[in-house]
There are 2 protein chains.
Amino acid sequence: MRKWVYTFAGGMAEGSSADVALLGGKGANLAEMSRIGLPVPPGFTITTDACNRALKERAIPERVREQVNAAMKYCEMMSAKKFGDLENPLLVSVRSGARASMPGMMDTVLNLGLNDATVEALARFTGDERFAYDTYRRFIQMYAIVVMGLDHSLFEDILDGARENEGAARDNELSAAALIGIVQAYKAAIIDEMDESFPQDPHEQLWGAVMAVFKSWGNPRAATYRALHNIPEEWGTAVTIQAMVFGNSGQNSATGVAFTRNPSTGENKLYGEFLADAQGEDVVAGFRTPDPLSAIEDKPGASMQERMPDAYSVLMRLADDLEQHFGDMQDVEFTVENGKLWLLQTRAGKRTATAAIRIAIEMADAGVITRKNALMRVDASSLDQLLHPAIDPAAERTIIARGLPASPGAASGQIVFSSTDAVAAKAAGKPVILIRPETSPDDIHGMDASVAILTSRGGTTSHAAVVARGMGKPCITGAGGLRIDPHNKALVAGGMTLREGDLLTIDGNAGEVLKGELPMVQSKLAGDFATLMEWSDAERRMKVRTNADSPKEAIVARQFGADGIGLCRTEHMFTEGDRADVMREMIIADTAEERRSALDKLLPMQRDDFIELFEIMQGQPVAIRLVDPPLYDFLPKSEEDLVASAKRLGIDVDRLVRRAEELREINPMLGNRGVRLAICYPEIAEMQTRAIFEAAILAGKETGEPVVPEIVVPLVSYVAELQFLRSHIDTIAADVMREQEQTIDYLVGSVIELPRAAIRADFIAESADFFSFGTNDLTQTTLGISRDDASTFLNTYLQKGVIGLDPFINLDIEGVGELMRLATDKGRNSRPDILLGITGEHGGDPTSIAFCEDLGLDYVSCSPYRVPIARLAAAQSAIASLTDD
Amino acid sequence: MRKWVYTFAGGMAEGSSADVALLGGKGANLAEMSRIGLPVPPGFTITTDACNRALKERAIPERVREQVNAAMKYCEMMSAKKFGDLENPLLVSVRSGARASMPGMMDTVLNLGLNDATVEALARFTGDERFAYDTYRRFIQMYAIVVMGLDHSLFEDILDGARENEGAARDNELSAAALIGIVQAYKAAIIDEMDESFPQDPHEQLWGAVMAVFKSWGNPRAATYRALHNIPEEWGTAVTIQAMVFGNSGQNSATGVAFTRNPSTGENKLYGEFLADAQGEDVVAGFRTPDPLSAIEDKPGASMQERMPDAYSVLMRLADDLEQHFGDMQDVEFTVENGKLWLLQTRAGKRTATAAIRIAIEMADAGVITRKNALMRVDASSLDQLLHPAIDPAAERTIIARGLPASPGAASGQIVFSSTDAVAAKAAGKPVILIRPETSPDDIHGMDASVAILTSRGGTTSHAAVVARGMGKPCITGAGGLRIDPHNKALVAGGMTLREGDLLTIDGNAGEVLKGELPMVQSKLAGDFATLMEWSDAERRMKVRTNADSPKEAIVARQFGADGIGLCRTEHMFTEGDRADVMREMIIADTAEERRSALDKLLPMQRDDFIELFEIMQGQPVAIRLVDPPLYDFLPKSEEDLVASAKRLGIDVDRLVRRAEELREINPMLGNRGVRLAICYPEIAEMQTRAIFEAAILAGKETGEPVVPEIVVPLVSYVAELQFLRSHIDTIAADVMREQEQTIDYLVGSVIELPRAAIRADFIAESADFFSFGTNDLTQTTLGISRDDASTFLNTYLQKGVIGLDPFINLDIEGVGELMRLATDKGRNSRPDILLGITGEHGGDPTSIAFCEDLGLDYVSCSPYRVPIARLAAAQSAIASLTDD
C-alpha cells in the first residue's frame, strides 16, 4: 500500500528532514524535530504525491482519506484531545509546505475543528468566551475566503460595523457578546452568498481545507512565482495538519519567534521576540508590541528571560540542539502553553550578508560545519551589500521612479543634466548625480565627476551601467518613467518636476530613484570578510581577474584580490582631455601617413598608460584589448562640441561634420569596429601594439617582474582576421624586442563574442593562444538583442513571464552557454593548453561563474567591485563540482 | 620508377583527359587529342607532382631532368627536328597548365631553343631573316622577363628607340637589320643588369624556363587568385613543352582560333577567325585584322573557307570530332603550317547565357549528351542576363562611379533626389532614377515610380537592394564615391556635378554608374529557355517559392514558375498612402484600446491584400510573416513630413516627435521588432492573424482552391516567444472559423534568423510546423555584421583577401551554414515531418541553393526575377547529389 501520510508526535516520526521532496520543507523539519525528541505538537503531513494525485483527479482519493483518518486518530491519542469533542476539542492547523520555500504564495487554515458546539467547549476549557468566539470568528473568515472562495470585503464590512457599534478602535477591544454577534452575521452572510451554510462537521471542514490548500499550488500568484524561480509545476505541495496549541492560555503561556543567532550581526546570542498570553497571529497583526526574548537594559523586566525563566532556558537549550542538529542558524516559531514550550516550525534563518559571514565562520571555527560548508552558506551576490555604501534602513523613502539596478551602492546629490555641468559642479565641491537619456564615451569625465548616474534608456550592460560598475558608483538605467529634458535642465518623474540642483538619492541596489537626501551607512570590511576570502582562495580552481581600464580601477581590484587584468579596454584611454583631439585628428586624416602622424602623438601616452598598469599589477597577467568601438564614437556629437573641436584642430567644421556623417552607422554594434577597424586602418593597432611591447619591457625592467602581455583581438569571426592581425603584431613585437634588445613572452588571442567565432573555434584556436569569452556581445548577437535597446521589451518579457531571467545579468546557459561549450571543446581540440576566460559582465555573476567552472575555464574577469563576489562564487563552484563528481 | 613526364605525339599519348590533376587542363587535353588521333605537334607534359617536388627542393630533381631529356629525344624523333640543331632546329613552347583554369596568372615562354646560331638556321629554313630575328628578339625579351626577372621597361625602351630610328610606327615595320641591332642591344642590356649573358645553351634555356614556370605558381597574383577561387596551394601547376609549328611560313600557312559553335548565339556553325602567314601572337597583338573562318557576304573572298578550302574542311571535321569526343562546344587554337593543320589547344568554349542554353539543348536533342548533362552545362547565375534589359554591348561607356551590383538589369533616366520628386516626375511621364544616401520604407512609392535606384550606402541586401530586386529594377548600392546632397538636389561624382534632371544610366549587373543615356537591348525568353525550365522542373526535388509582398510581384513570380510564396513581408502593406497615417495613429496610441481602434481600420485593407495574393497563387502555399520592423520605421523622418503627418492625424506635432524619440533605437536591427513587437503589442499580430484567416476562407470560397495559410513568426529566440504567439494565433483562428462556419488547415512556424533559435531548434520545433531560414538576419547576427553598414569594411576585406566571398551574396556555409545544419538536425529530431525552407536572399544564389539541397530543405524562396535561376540551380543540385551518392 502506497504511503500518502506521514505522522510525527512524541519523539517519533515516520519521515525526516531528508524527505523534503515528499513532505515539503515545513513537514520534513517538523518530522525531524519530533524524531530527535524535540517538543512538537502531534501532527502529520500529506505528501506532495497526494497533492498531485488529488489535483489530477479533482478530488482527494479515497485511499488518502483513509490514511488521513487514521492519522487523525493517532493525533487524538497523542494529544489526549478529540476532534469535534464537546469537552476538550482537538483543533488543528492546515498548512501548505512545498519543497522550495514559496513565502505567502499558498493558503493556510488555522483553528480548524471549531463549530457552534465545540466553540462552547473551547470557551469552557479555556475559561475565556471572548477568546473562543474570536478564534471561531477568525476561523470562519479564513475558511470562507480560502475554501469557499468568498471575498475579503464581505467580512471586513461586518467587522467594521461591529467595531463602530461598540466604539471599539481595535478588534481585541470587542466584547464576547459582540464577537458572538459577528459569528452570527458571518454565518448569515455565507448563506446569503453561497446558498449553503458554513460547514459544522469538523471532518467536512478538514477535507475542504486540505483540497483548498492543494489547489492553491495552482493559483496564478504561485504559478508566476514558480515560473520566476524555475520551480517545476510537477513538484506539488505537501499539507501539514497539526494539533493547535494555545499561547493565550493565561500569563504562563506565550507565543514567539526566535533566531538562534542575531540575523543582523551574526552575534551568537538568542535573538527574537514574544508575546505573553497571545497567539502567533497577534504578533503578525501588530496590535500589541512584542517583548524581547533576552533581557535588555532598555526594557527591564520585560523579557522572556526575566518573565518565564524556565521556558526561556528550555528554549536556549533547544536552540542549541537545533543548530547542532541542522548545522545552521535557525528561525524557530514556538508557543508556550501553560508553561510547556512547543516548537511549531524551524528553518534556516534569513540573515544579512554581515551575519551570514560571521555565522558561517564561527560555526566552522566551532567545528559544527566544515570550511567548505561555511563557504556554501554565504550568498555570493549578497557581498555587494558590504562593498558599497547603503541607505540607512531606518530612513523614510519617497520613490519617484524605478529603473534597473545597474550598479550597486547608494548616493545622494544635486542633479545635473550634462557632463560639462557635472564637471563644473564637482569643481565647485558639490556632489552631483548625472542624469542623461543615455551615456556615451563623451560622458566619461562627467560620470567620473558624479557620485551616481541615472539614465532613462539602456539595460544593465549599457554604457552607463558598465562604466559605473567599473567606477564603483551607483547607477540606475532604463528608468523609462522619467521624462528628461536636457535642454531645459528639467526632469519630470512621479508627477513632479525637478530642476538642476535639486536633491535626489539613487539606490543602485534596488533600482529606486528617491526624493531628497537620505542618510547613508558604510559597512566595514570586517576581519570575518578577510577570512572568508582566504578560505575561498584555498578552495577555488579558477583565477579571478578584473576588467580595469585605468590605474584607479586596477588599484581597487588589487585591493579586492584580483589575480590580474582580464580585460583592459583601451578606448577609454582616448577620450580624456587632449587625447580626444589627437584621436579626432587621426580619424579625419585622409591618408595612412596623416593617420600615422597623429598616432605618433598618441604612442607615448598609451605607453605610459600601460607602464602604469603593468607596474600596479606587478607581474600578474594583463590582457589588453585593441581598440574596439566604431570611430564615430570618438567624434563630438553636439553642434557646440563639433565647433569647439574643429576650432582646436584648426580645421573647417564642415569637414568634421562630413566625416562624422560618413562614419555614422545604422547599427553601430554590428558595424566597423574591433578587428574590422584594425584591418581597415592597421596603423591604429600597430601603434597600440608598439605601446604595449615598449611598456612591457620598460615596466619589467622597472619592477623586476617580467611582464607577459596578452593582446586581445576583438570581434573576430573569420580566422583570416586573426591571422591578419597576428602577423602585424608578431612583426612589431620582433621590431620592439630588437630595438630594446630584450626578448619577452607574449600571448595573442581572440575575443569569442560572435556566434561564428564559436562555431569556427577549432580553426581560430590554431592562431590564438587564448580565448576571452566576451559574453556581453555574444549575448547580443546570439539572441539578436541590443543591450542598449533591450529595456523596452525585456521588461515586458519578464512581466509576462516569457523569460525568467535577464540574459544580460544571468548568462543564457541554454543558448549562449551552448556556444561557449562548443567553442571550449573545439578550441581545446585544436590547442589542448589554450587559456580560456570570460570577460563579459557575467564574469561577476555567481550562477554564470558556476557555469564557467563547469566548462573548466581558467579564469573569470569582472569589474573591480565584484572581485570578492567572484572569488567566493568560484570557490563555491569548485566545491559544488566536487560534490557532483 | 615514378613517372614525372608524359609524352604525346602522332596519334599516341601516355596521358589522357582523365589526368587533369596530374597534367593540368592544357596538358591533359593535348594528350587526349593526340590519343584519339587528332593532329597535335609532338610534346610532353611535366606533372604537377614534379612542380611540387621542384618547389620544395628549390631545383628540378635529377630524376625529372632525366625523364625530360628522354622526352625531348622523343619529340625530336617525332618532329624530325633537333633541339639546337644548326639546320632545322626544334623550337619549343614552355607553357603552364593547372588543374583549374587560372587565365593569365602564370608564365609562358615561346620559341625556346633559339640562340645566335639557331636563329641563323631558322632564317635559312624559313627564308625570312626578318621573321627569324623578330622571333629571337621576342624570345630573349620573354625569357629575360620571365626567367631572369628583368623589368619590362628595359626592353620597351630599346624597342621604342629602334622604332624612332627607323621611323617605324609598328613593330612589324622594323627591318631585319634593325631587329638584329635590337637583339644585340637586348643582350648587352642583360649583361649590364645581370653581370651574366643571355644563355646560349638550349638546354640551359629549357631548365631555366621550366623552373620559372613552376615558380610562377607561387607568384602573388596567382596566390591571390587561388585564395579567391578556393584553389588549394598543393595542387601545383603542370608544364607542357611542345614543338613549335609556324603559321607564318607563307600564304599556305595560317593561325587562328575556332569555336565549334557560335559563342554568342549558340548557332551550330563553325565560328572564329584566322590570319594567313602569321603566328598566334599576331592575332593577340592586333596589328592585323583577322579574317573570318566561314564565308560571309560582307567580306567576299576573305574567309579561310574560300582561301584555304582544304584546311577549312579538315578543321570542320576536326571540330565535329572534338565536340563528339568532349561532348561540349570547344574553343580551339590551330595553326596551318604549309597546308597542314595542327591543333595546339582545345577547351570548353566560354559562351553567353543564350548560347549556353541553345547549345545544351541542341546537344541533348542530338543525343551527344543527356538532358541531365545539358542542365549542368548552363551557369544558373548567367540566366540573370536574360531576364533583364541590358546595355547594348556596342555602346560607349563613361563610368562616373562604381558601387555594388545590387539588382540586375540596366536603365537610363533623369536623376531625382527624393521619392516625392520621383513620383511627380513619373506622373509627368519622365523615366527617373532615384538617388538617395539610403532608402527606407518611406521610399517605396518613390522606388516604384523610378526605373532604377542608386544609393551611396548599404550593401547588396540593404533595403534598397532587396526592394529593387523584388521590383525587378536595376539598383546600385554602396556607391561610396558619390557625394549626394539631397537638399541642393545635386550629386558630385567622377569630378563632375550633376543636378536634378540630368541623365544617367545604371548598369545593375556591373555596378556601374554611367554618364548619359545609353541604348538598351531586351533579350527575349526564347523557346529554348522554356525547354530548359521544363527539364529543370523534371529533375529538381526542392520547390522554388518566391518572396513577394504585392500582387504585382506575385504575378511576375507566377509567370516565372514560382511554386508559391515563401515570404510575404506584410510591413510593406502599411506604408502606402492612407495606410501610413492609420499605422501612425496606431503607433502614437497610448492604450491598447486606442491601438485596436486604429487597427480596426487596417483590418479590411489587410484582408483585401491577402485575398488578392491567395487568388493569384490559386491554392499554392503562401507564407505570411507577421509585421517585423521596429515601429520607428513607420514614422515620418523629416521635419516637413512630421508636420504634415501630425496635421493629417489632427495631433500636436510634439506628440509625434516625442513618440518617435521614444521609439528611436541605437541598433534597430537588434531592437524591438519581430515577435518582440507582437508580445509588447499583441493587438497588431491579432489584427494580422484575423485578416489572414478571413482572407483565406473568403479566397478559398472564391477560387474553389482551399487555402492553407502559413503564418510566419519572425525573430524568435526563446521557444516561449513562439508559444505566446501561437496561442494567440490558435485562438483567433478558432474564432474566425466559428464566425465563418468553415474549418481550414493552417501552419504556424518560426523564422530561424537568430543563432539562439538554431541552437534551441529542437525545443522550438515542438511548437513550430515549419522553419523558415531567414539567412539575411542569420548572417547579420552570426557574423555580427550589419548589412547596412557592411560596405565600409567588407569591400576592404575582399580587396585584402581576408574573405573570398560576400557572405550576404553567397551563404557563409562554414558559419551560418553550420547553424542551419544544427537547426535542421534538431528540428527534424523533434518533428520528423517539419517543413523547411530558406527565404533569405541566398535562396536565389546557386551555390547557396546547392547547400540547401545538401541539407534536404523542402524549398528555397527568392525574389521573383530569380525564380528561373533557382529552378535551374535546384535541378543542378539534385543532379549533383545523385552523383555524390
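See above for the structure.
Residues numbered from 1 in each chain as written. Chains lettered and ligands numbered in written order. Predicted model: local features only at pLDDT ≥ 70, side-chain atom pairs only at ≥ 80, totals over all residues. Heavy atoms only, no water.

Break down the sheet that holds strand 22 (residues 490–493) of chain A for me, citing the residues and quoting the values.
All names here are of chain A. Across the sheet, 3 strands lie side by side as 21-22-23; this open sheet has antiparallel pairing. One side of each edge strand has no neighbouring strand; the edge strands of this open sheet are strand 21 (483–485) and strand 23 (496–499). Here the strands of the sheet are splayed against their neighbours by 20° on average, with no regard to which way each runs. Here 3 bridges tie strand 21 to strand 22, and the two strands are oriented antiparallel to one another. (Pairing = 2+ DSSP bridges. Helix = DSSP H or I, 4+ residues; strand = E, 2+ residues; numbered from the N terminus. Axes fitted to C-alpha atoms, helices over the stretch in contact; angles between N-to-C directions.)

Any details on the relation of the copies chain B and chain A? Residues and values, ideally.
Rotating chain B by 179° about the axis while translating it 0.1 Å along that axis superimposes it on chain A, leaving an RMSD of 0.3 Å. In symmetry terms, the pair is related by a two-fold rotation axis. Rotation axis and chain B: the residue whose C-alpha lies nearest the axis is Asn 667 of chain B, separated from it by 2.1 Å. Taken as a fraction of all interface residues of chain B, those also at the interface in chain A reach 100%, which identifies the copy contact as same-surface. (Least-squares fit on C-alpha atoms with pLDDT ≥ 70 in both. Contact = heavy atoms within 4.5 Å.)

Which residues make up the packing of aromatic side chains, and what values go with them?
Per the counting criterion, the structure on display carries 23 aromatic pairs over all chains. Here Phe 155 of chain B and Tyr 186 of chain B contribute two aromatic rings whose centre-to-centre distance is 4.9 Å and whose plane-to-plane angle is 80°, an arrangement assigned as edge-to-face. One end of the pair, Phe 155 of chain B, is in helix 6 (residues 152–166); the other, Tyr 186 of chain B, is in helix 7 (residues 176–194), with 31 residues separating them in the sequence. Under the relative-accessibility criterion, Phe 155 of chain B is labelled buried at 0%. When its relative accessible area of 0% is taken as the criterion, Tyr 186 of chain B is described as buried. Linked through ring pairs, Phe 139, Tyr 143 and Phe 198 of chain A together constitute an aromatic cluster. In this arrangement the basic side chain of Arg 545 of chain B is found over the ring face of Tyr 859 of chain B, its NZ or CZ atom lying 4.0 Å from the centre. (Phe/Tyr/Trp six-rings, centres within 6.5 Å; stacked < 30°, edge-to-face > 60°. Buried < 20%, exposed > 50% of the residue type's maximum accessible area, 1.4 Å probe, protein only. Lys NZ or Arg CZ within 6 Å of the ring centre and 35° of its normal.)

Could you give me a rundown of the environment of Leu 498 of chain A, with the residues and numbers involved?
All names here are of chain A. Within the element layout of this structure, Leu 498 appears in strand 23. Along the sequence, Leu 498 and Asn 776 sit 278 residues apart, while their C-alpha atoms lie 34 Å from each other. If sequence neighbours within four positions are ignored, Leu 498 has contacts with Ile 400, Ile 415, Phe 417, Lys 489, Ala 490, Leu 491 and Leu 504.

So what about the interface of chain B and chain A? Which residues, and what values?
In many analyses, interface size is given as the accessible surface area lost on bringing the parts together. Contact with chain B, which involves 52 residues of that partner, is made by 52 residues of chain A. Around 4,700 Å² of area is buried between chain B and chain A when both sides are counted, 55% of it from carbon and sulfur atoms. Applying the counting rule to chain B against chain A returns 9 salt bridges. Linking Arg 756 of chain B and Asp 812 of chain A is a salt bridge whose minimum nitrogen-to-oxygen distance equals 2.6 Å. If you look at where chain B meets chain A, you find 30 residue pairs in polar contact (both at pLDDT 80 or more). Those elements that place two or more of their residues in the side of chain B that touches chain A are helix 24 (653–663), helix 25 (675–680), helix 27 (719–740), helix 28 (755–759), helix 30 (775–783), helix 31 (791–800) and helix 32 (816–830) of chain B. Residue contributions to the side of chain B that touches chain A peak at 5 residues, all from helix 31 of chain B. Grouping the constituent residues of the side of chain B that touches chain A by class yields 22 nonpolar, 12 polar and 18 charged. (Buried area = accessible area lost by both parts, 1.4 Å probe. Salt bridge = Lys/Arg side-chain N within 4 Å of Asp/Glu carboxyl O. Polar contact = N/O pair within 3.5 Å; in protein donor to acceptor, adjacent residues only side chain to side chain. Nonpolar A, V, L, I, M, F, W, Y, C, P; charged D, E, K, R; others polar.)

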